[in-house]
Amino acid sequence: MAIFSTRDGQPWEPTYLTAIDDKKCIGCGRCHKVCSRDVMHLMGVNEDGELVACTLDDDDDDEEFVRKVMVLDAAGNCIGCSACVRVCPKACQTHVKASELGL
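Below, the structure is looked at part by part. If you're wondering where the values come from, they're calculated on a predicted model, not measured in any experiment.

## Some remarks on empty space enclosed by the protein
(1) Moving on: Under the criterion given, the structure shown has one cavity of 30 Å³ or more.
(2) Moving on: Estimates place the volume of the largest cavity at around 80 Å³.
(3) Moving on: Lining the largest cavity are Cys 25, Ile 26, Gly 27, Cys 28, Gly 29, Arg 30, Cys 31, Met 70, Cys 88, Pro 89, Lys 90 and Cys 92.
(4) Moving on: Among the residues forming the lining of the largest cavity, the class breakdown is eight nonpolar, two polar and two charged.

Right under this line is the structure:
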């Protein structure tokens, strides 16, 4: 089981990002900006509901997107710090404790 200690000796267990609800996500990019591990990336959603490549820059041609969403890209890179969930304004992420994942 992956239980660790904080500097002051308090028990701490990582909670890993396992999913992002694309119905709730507004594509603000806050989670991506605080993640140092490239766990997720921003995608555009076109009129047909298909995901298309885009960037976090405001210079994107927004006309080809109906909206933007964050997608889980490299779940294995997640270290369980939960920084992303703390900045998400829509609570669209699912995090699971390491012990529940059998780690």
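## A closer look at the side chain of Gln 93
(1) Moving on: On the secondary structure map, Gln 93 appears in strand β7 (residues 93–97).
(2) Moving on: What makes Gln 93 buried here is its relative accessible area of 11%.
(3) Moving on: Among the polar contacts made by the side chain of Gln 93, one reaches the main-chain amide nitrogen of Val 85 at a distance of 3.3 Å.
(4) Moving on: Look past the residues within four positions of Gln 93 in its chain and what remains in contact with it is Leu 17, Ala 19, Ile 20, Cys 31, Cys 84, Val 85 and Cys 88.

## Describing the sheet that holds strand β5 (residues 51–53)
(1) Moving on: As summarised here, the arrangement of the three strands in space is β5-β4-β6, forming an open sheet in which the pairing is antiparallel. Across the chains shown, the open sheet's two edge strands, defined by having one partner strand only, are β5 and β6 (67–72). Across the sheet, the mean angle separating the axes of adjacent strands is 50° when strand polarity is ignored.
(2) Moving on: Pairing between strand β4 (residues 40–45) and β6: six bridges, direction antiparallel. The residue of β6 that forms the bridge with Gly 44 is Lys 68.

Procedures and definitions
- Residues numbered from 1 in each chain as written.
- Predicted model: local features only at pLDDT ≥ 70, side-chain atom pairs only at ≥ 80, totals over all residues.
- Heavy atoms only, no water.
- 1 Å grid on protein atoms, 1.4 Å probe; cavity = no way out; pocket = protein on both sides within 12 Å on 5 of 7 lines; lining within 4 Å.
- Points joined across faces, edges and corners; volume = space filled by probe spheres on them.
- Nonpolar A, V, L, I, M, F, W, Y, C, P; charged D, E, K, R; others polar.
- Helix = DSSP H or I, 4+ residues; strand = E, 2+ residues; numbered from the N terminus.
- Buried < 20%, exposed > 50% of the residue type's maximum accessible area, 1.4 Å probe, protein only.
- Polar contact = N/O pair within 3.5 Å; in protein donor to acceptor, adjacent residues only side chain to side chain.
- Contact = heavy atoms within 4.5 Å.
- Pairing = 2+ DSSP bridges.
- Axes fitted to C-alpha atoms, helices over the stretch in contact; angles between N-to-C directions.

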